[in-house]
Amino acid sequence: LNHRHDLNKNPVLEAVRARLGKDLLRPIKRINDTKVSNKGHHKSLDEELPKHYTKKRMLREVFAPANRRLMELLADGSKNGMTLVGYEGEAGDVAAVTDWMESQWKF
C-alpha cells in the first residue's frame, strides 16, 4: 500500500491520468512543508465515544450498511463501464467486489 503515499505511482491516479491527461492530479509544490496541522492532544476513539458505543458496535451499526451500499454501487458501476483499478473479478459481482475492497483495507 505504499502507493497511497507516492502520488506519482498511485494506480488510481495513473488510470485517471491515462484518460484525462498526464499532468492531472499532481501534488502541488509546497514552499514550507515544515508546518504541522492539527497540533495538540486528541482523545482516542475509545475516549471520544460513549462507553456503551464500542468500536465493534459502531462498525456493525454505522459503517456496515454504508459499506454494503458502496459495494452494491461499485458492482453495479462495473457492469456499466466503471473502472475499478486492480479489480479482476466479474463485473457486477457484489461479493467479489466486497472481497477485493476488504483485501485492500489495511488500517
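See the structure shown above.
So, here's what we can say about the structure. (Residues numbered from 1 in each chain as written. Predicted model: local features only at pLDDT ≥ 70, side-chain atom pairs only at ≥ 80, totals over all residues. Heavy atoms only, no water.)

Quick look at the overall build of the protein now. Check the secondary structure of the protein and you find 4 helices and 0 strands. The N-to-C order of helical and strand elements in the protein reads α-α-α-α. For the protein, with 107 residues in total, the buried portion stands at 15%. Of the roughly 9100 Å² of accessible surface on the protein, a fraction of 54% belongs to carbon and sulfur atoms. (Helix = DSSP H or I, 4+ residues; strand = E, 2+ residues; numbered from the N terminus. Buried < 20%, exposed > 50% of the residue type's maximum accessible area, 1.4 Å probe, protein only. Areas by Shrake-Rupley, 256 points an atom, 1.4 Å probe, with all protein chains shown as cover.)

On to the side chain of Arg17, then. If you trace the backbone, Arg17 turns up in helix 1 (residues 11–20). For the buried Arg17, no salt bridge exists, and the shortest N-O distance to an oppositely charged side chain is 6.0 Å, to Glu14. Those residues in contact with Arg17 that lie beyond four places of it in its chain are Leu7, Asn8, Lys22, Leu24, Leu25 and Arg26. (Lys, Arg positive; Asp, Glu negative; His and termini not counted. Salt bridge = Lys/Arg side-chain N within 4 Å of Asp/Glu carboxyl O. Contact = heavy atoms within 4.5 Å.)

A separate point is the side chain of Asn10. Structurally, the position occupied by Asn10 is in the segment before helix 1. Since its relative accessible area comes to 11%, Asn10 is described here as buried.

Now for the packing of helix 3 (residues 55–79) against helix 4 (residues 94–104). Contact geometry of helix 3 with helix 4 gives a least axis separation of 9 Å together with a crossing angle of 115 degrees. With respect to helix 4, the axis of helix 3 lies roughly perpendicular. Here helix 3 runs over helix 4; the crossing is right-handed. Contact residues: helix 3 offers Met71, Glu72, Leu74 and Ala75, while helix 4 offers Val94, Val97, Thr98 and Met101. Looking at the contact of helix 3 with helix 4 residue by residue, the class counts come to 6 nonpolar, 1 polar and 1 charged. (Axes fitted to C-alpha atoms, helices over the stretch in contact; angles between N-to-C directions. Parallel < 35°, antiparallel > 145°, perpendicular 65-115°, else oblique. Left-handed = near helix turned anticlockwise from the far one by under 90°. Nonpolar A, V, L, I, M, F, W, Y, C, P; charged D, E, K, R; others polar.)

For the rest of this paragraph, the subject is helix 4. Listed as buried for helix 4 are Val97, Thr98, Trp100 and Met101. Around the axis of helix 4, the buried residues are gathered within 165 degrees of arc, so they sit on the same side. On its buried face, helix 4 sits against helix 3. The opening residue of helix 4, the one whose side-chain oxygen lies 3.2 Å from the backbone nitrogen of Ala95, is Asp93. (Arc of directions from axis to C-beta. Polar contact = N/O pair within 3.5 Å; in protein donor to acceptor, adjacent residues only side chain to side chain.)

As a further point, take a negative patch on the surface. A surface patch of like charges, here negative, comprises Glu90, Asp93, Asp99 and Glu102. Within the secondary structure, Asp93 sits in the loop between helix 3 and helix 4. (Patch = residues over 30% accessible without salt bridge, like charges linked within 9 Å, V, L, I, M, F, W, Y side chains within 5 Å. Charge placed at Lys NZ, Arg CZ, Asp CG, Glu CD.)

Before going further, it helps to spend a moment on the nonpolar core. Core analysis: the largest hydrophobic core is formed by 8 residues, namely Met71, Leu74, Ala75, Leu84, Tyr87, Val97, Trp100 and Met101. Put simply, the parts of the chain that give this core at least two residues each are helix 3 and helix 4. Setting aside residues up to four positions removed in sequence, Tyr87 forms contacts with Asp93, Ala96, Val97 and Trp100. (Core = buried A, V, L, I, M, F, W, Y, C linked by side-chain atoms within 4.5 Å.)

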